[in-house]
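One-letter residues, chain by chain:
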Amino acid sequence: MEMRFWSKAELAIRFGISRETLRLKLKEIEGLDTGRRQLLYPYEVRMVFKAFGVEE
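Residues numbered from 1 in each chain as written. Predicted model: local features only at pLDDT ≥ 70, side-chain atom pairs only at ≥ 80, totals over all residues. Heavy atoms only, no water.

**Digging into the packing of aromatic side chains**
For step 1, the next point in the chain: Going through the model one piece at a time under the given rule, you end up with five aromatic pairs.
For step 2, the next point in the chain: One aromatic cluster is present, formed by W6, F15, F49 and F52 through successive ring pairs.
For step 3, the next point in the chain: The ring of W6 is capped by R4, whose NZ or CZ atom sits 4.5 Å from the centre of that ring. (Phe/Tyr/Trp six-rings, centres within 6.5 Å; stacked < 30°, edge-to-face > 60°. Lys NZ or Arg CZ within 6 Å of the ring centre and 35° of its normal.)

Here it is as structure tokens:
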């Protein structure tokens, strides 16, 4: 999977959850602090995929 900038909305669609649920899940990931930013950097996207158990 190509690691690129992803928006929180795109990630929510990718995982089949609401944006609010995604927001809560992102808060549980240690070392990840996106705040109010809507775009996640590629290294942050890798952290999210790893937390959700998705292989790159």
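So much for the structure itself; the text now carries on.
**Structural notes on the packing of helix α1 (residues 8-15) against helix α2 (residues 19-28)**
For step 1, the next point in the chain: Contact pair α1 / α2: the axes reach a minimum separation of 9 Å and the direction vectors enclose 100°. Considering their axes alone, α1 and α2 lie roughly perpendicular with respect to each other. Between α1, through K8, A9, L11 and A12, and α2, the contact on the second element is made entirely by R19, L22 and L26.
For step 2, the next point in the chain: In terms of residue class, the contact of α1 with α2 is built from five nonpolar, no polar and two charged. (Axes fitted to C-alpha atoms, helices over the stretch in contact; angles between N-to-C directions. Helix = DSSP H or I, 4+ residues; strand = E, 2+ residues; numbered from the N terminus. Parallel < 35°, antiparallel > 145°, perpendicular 65-115°, else oblique. Contact = heavy atoms within 4.5 Å. Nonpolar A, V, L, I, M, F, W, Y, C, P; charged D, E, K, R; others polar.)

**Re the confidence of the model for the protein chain**
For step 1, the next point in the chain: When pLDDT is averaged along the protein chain, the result is 93; 95% of the residues meet or exceed 70.
For step 2, the next point in the chain: The spread of mean pLDDT over the elements of the protein chain runs between helix α3 (residues 42-51), the lowest at 94, and strand β2 (residues 39-40), the highest at 97. (pLDDT = per-residue confidence, 0-100.)

**Considering the environment of R23**
For step 1, the next point in the chain: Looking at where R23 falls in the secondary structure, it is placed in helix α2.
For step 2, the next point in the chain: For the pair R23 and A12, spaced 11 residues apart in the sequence, the C-alpha separation amounts to 8.9 Å.

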